[in-house]
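Working through the structure, step by step
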Amino acid sequence: MMLRTGVVLGLGAALAGCSIYREATTPGMDISHNWRRTATDADREKLRNWRKAWSEALPLARAADAKRIDGDPELFDPDRAQADAMPPAGAYRCRTYKLGGGGTAVSAIVAYDWRPCSIVEDGQVRHFRIEGGVQRPDGNLFPDVKARVTFIGTLEVGDDAAPLRYGLDNKRNLIGYAERIGEKRWRLVLPFPGFESKLDVIEIVPAA
């Protein structure tokens with residue numbers, strides 16, 4: 001009888017854990033209003049300091065790999081934005097560059113492999129997601145100004161089956177902006193992400 005009770009209690013705890021996980025990963029972002037009402041205070045502060053993130057990260061990345069940084073000014077010039085910032089819905093390829101990391105485990109510039117990514121239209125807002133890889137941003141692109149749209153989302157890591165709902169974990173929360181930087185070429189800039197860098201720059205191009 002005690003064994004059966006223990007099994008039941010263990011099963012109950014497991015089901016409760018599943019319920020908590022479902023609640024934490026259930027989409028809950030309200031996309032019906034301006035992004036400023038959705039972003040946390042901490043993330044609004046990060047976005048206000050976007051230029052500070054560039055100014056701290058870029059010299060470190062250039063010192064580590066000047067050829068890569070100076071060889072692609074479209075991608076790594078903070079002021080390269082062009083009009084029509086919102087990428088159209090469709091299939092893309094994305095490559096993440098993590099800039100300004102330090103210490104023995106993390107270089108000042110890390111380039112991830114190309115990964116499939118997608119942009120899905122949802123009214124005025126578009127949903128962005130990277131598929132595969134260790135760190136996978138997932139969130140929404142909100143219209144802002146002509147040369148910039150604002151991104152709010154979360155980071156899915158490792159073997160996560162789904163991203164956490166925005167606002168639950170400051171280290172997983174992401175905020176940034178997307179810009180068009182060339183013909184059919186965009187970038188998503190994430191200042192002060194929670195892991196390994198001062199600035200993430202994600203290159204976005206149409207899928208081949």
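Details of the structure are given in the entry above.
Summary of the structure given here. (Residues numbered from 1 in each chain as written. Predicted model: local features only at pLDDT ≥ 70, side-chain atom pairs only at ≥ 80, totals over all residues. Heavy atoms only, no water.)

1. Concerning the pattern of salt bridges
- By the definition in use, this model includes 22 salt bridges.
- In this structure, the salt-bridge partner of Arg 48 is Glu 45, at a minimum N-O distance of 2.7 Å. Residue Arg 48 and its partner Glu 45 are both found in helix H2 (residues 41-48); the two are separated by three residues, about one turn of the helix.
- In this structure, Lys 52 engages Glu 56 in a salt bridge whose closest nitrogen and oxygen atoms are separated by 2.5 Å. Here Lys 52 and its partner Glu 56 are both found in helix H3 (residues 50-64), four residues apart, which amounts to about one turn of the helix. (Salt bridge = Lys/Arg side-chain N within 4 Å of Asp/Glu carboxyl O. Helix = DSSP H or I, 4+ residues; strand = E, 2+ residues; numbered from the N terminus.)

2. Structural notes on the packing of aromatic side chains
- Overall, the coordinates contain four aromatic pairs when judged by the stated rule.
- The interplanar angle of 85° and the centroid separation of 5.3 Å between the aromatic rings of Phe 76 and Tyr 97 together place this pair among those described as edge-to-face. Residue Phe 76 is found in helix H5 (residues 73-76), and its partner Tyr 97 is found in strand S1 (residues 90-99); the two are separated by 21 residues along the sequence.
- Geometrically, the ring pair formed by Tyr 92 and Trp 186 is edge-to-face, given 5.9 Å between the ring centres and 90° between the ring planes. Linking Tyr 92 in strand S1 with Trp 186 in strand S8 (residues 185-191), this pair joins segments that are 94 residues apart in sequence.
- Given the relative accessible area of 6%, Tyr 92 is considered buried.
- Judged by its relative accessible area of 6%, Trp 186 is buried.
- One residue, Arg 148, lies across the ring of Trp 50, its end atom 4.6 Å from the ring centre.
- Lys 171 extends its terminal NZ or CZ atom over the ring of Phe 195, reaching a point 4.8 Å from the ring centre. (Phe/Tyr/Trp six-rings, centres within 6.5 Å; stacked < 30°, edge-to-face > 60°. Buried < 20%, exposed > 50% of the residue type's maximum accessible area, 1.4 Å probe, protein only. Lys NZ or Arg CZ within 6 Å of the ring centre and 35° of its normal.)

3. Points about empty space enclosed by the protein
- Overall, the coordinates contain one cavity of 30 Å³ or more when judged by the stated rule.
- What the largest cavity holds in volume is close to 60 Å³.
- Forming the boundary of the largest cavity are Thr 96, Lys 98, Tyr 112, Gln 135, Pro 137, Leu 155, Leu 174, Leu 190, Asp 200 and Ile 202.
- Among the elements of the structure, S1, strand S5 (135-145) and strand S9 (199-206) are those that each provide at least two residues to the lining of the largest cavity.
- Classifying every residue of the lining of the largest cavity gives six nonpolar, two polar and two charged. (1 Å grid on protein atoms, 1.4 Å probe; cavity = no way out; pocket = protein on both sides within 12 Å on 5 of 7 lines; lining within 4 Å. Points joined across faces, edges and corners; volume = space filled by probe spheres on them. Nonpolar A, V, L, I, M, F, W, Y, C, P; charged D, E, K, R; others polar.)

Worth remembering: the numbers are spatial, not functional.
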